[in-house]
Amino acid sequence: MPHPLHEQVRRAFGFPCGYCRVDETSAGAELTVDHYRPLAAGDADELANLVYACFRCNLYKGDYWPSPKEEAACPSPKPHPDAKCLTLISYNSS
Ligand SMILES: [Zn+2]
């Protein structure tokens, strides 16, 4: 069952994965919708908290979310090629 905002998130991010930039062609399928801050943390299921992410990144990130310091710098994901916040997450969560 795709996320209700799947298509909106997909367009907002311009199709590649918000974390690693893999595109749908390379991934072999449409990507998934990831919660920037997990619902488990009580965050909202809304566009500002959603990232278009490939399956691998989604799985890798899991329930990680930014430390208070990182979160202050990047309160929400940015659908932009220079989304450093997202890169920060993908490399800090290991
Ligand atoms: Zn990815």
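Within each chain, residue numbers correspond to sequence positions counted from 1 in written order. Under the rules for a predicted model, residues below a pLDDT of 70 receive no local features and side-chain atom pairs below 80 are neither given nor counted, while totals for whole chains, interfaces and linings still include all residues.

A. Summary view of the overall build of the chain. Counting from the N terminus, the helices are DSSP H or I runs at least four residues long and the strands are E runs at least two residues long. Tallying secondary structure elements over the chain gives 5 helices and 2 strands in all. Helices (α) and strands (β) of the chain occur, in sequence order from the N terminus, as α-α-β-β-α-α-α. Split into buried and exposed, the 94 residues of the chain put 23% on the buried side. To sort residues by burial, count the other C-beta atoms lying within 10 Å of each one's C-beta; a count of 20 or more means buried, 12 or fewer means exposed, and anything in between means partly exposed. C-beta atoms are built from the backbone.

B. Local environment of the nonpolar core. A set of buried Ala, Val, Leu, Ile, Met, Phe, Trp, Tyr and Cys residues, joined to one another through C-beta atoms within 7 Å, is what we call a nonpolar core. Counting 13 residues, the largest nonpolar core has C17, Y52 and A53 as its most contacted members. For this core, the element with the most residues is strand β2 (residues 50-53), which contributes 4 residues. Residue pairs are scored as contacts if the distance between their C-beta atoms, which are placed from the backbone, is within 7 Å. Sequence-distant contacts of C17, defined by excluding residues within four places in its chain, comprise V22, L31, Y52, A53, C54 and C57.

C. View of the confidence of the model for the chain. Per residue, pLDDT captures the predictor's confidence, and it can take any value from 0 to 100. Of the residues in the chain, 57% have a pLDDT of 70 or more, and the chain-wide mean is 72. Confidence, read as mean pLDDT per element, is least for helix α5 (residues 84-92) in the chain (48) and greatest for helix α2 (residues 24-27) (90). A low-confidence stretch, residues 87-94 (pLDDT under 50), is modelled with 12 contacts involving residues beyond four sequence positions or located in other chains.

D. Here's a closer look at the pairing of strand β1 (residues 32-35). Here β1 shows no split at all, with T32 and D34 on one side and V33 and H35 on the other all buried. Here β1 runs beside β2; their pairing, made up of 4 bridges, is antiparallel. Opposite D34, over in β2, you have V51 as the bridge partner. For two strands to count as paired, DSSP must find a minimum of two bridges between them.

E. Region of the structure containing the environment of H3. Along the chain, the position of H3 falls in the segment before α1 (6-12). With 16 C-beta atoms packed within 10 Å, H3 lands in the partly exposed category. As for H3 and V33, which are separated by 30 residues in sequence, their C-alpha atoms are 6.6 Å apart.

F. Geometry of the environment of C57. The residue C57 is located in helix α3 (residues 55-61) in this model. Along the backbone, C57 and C20 are 37 residues apart, and their C-alpha atoms lie at a distance of 7.3 Å.

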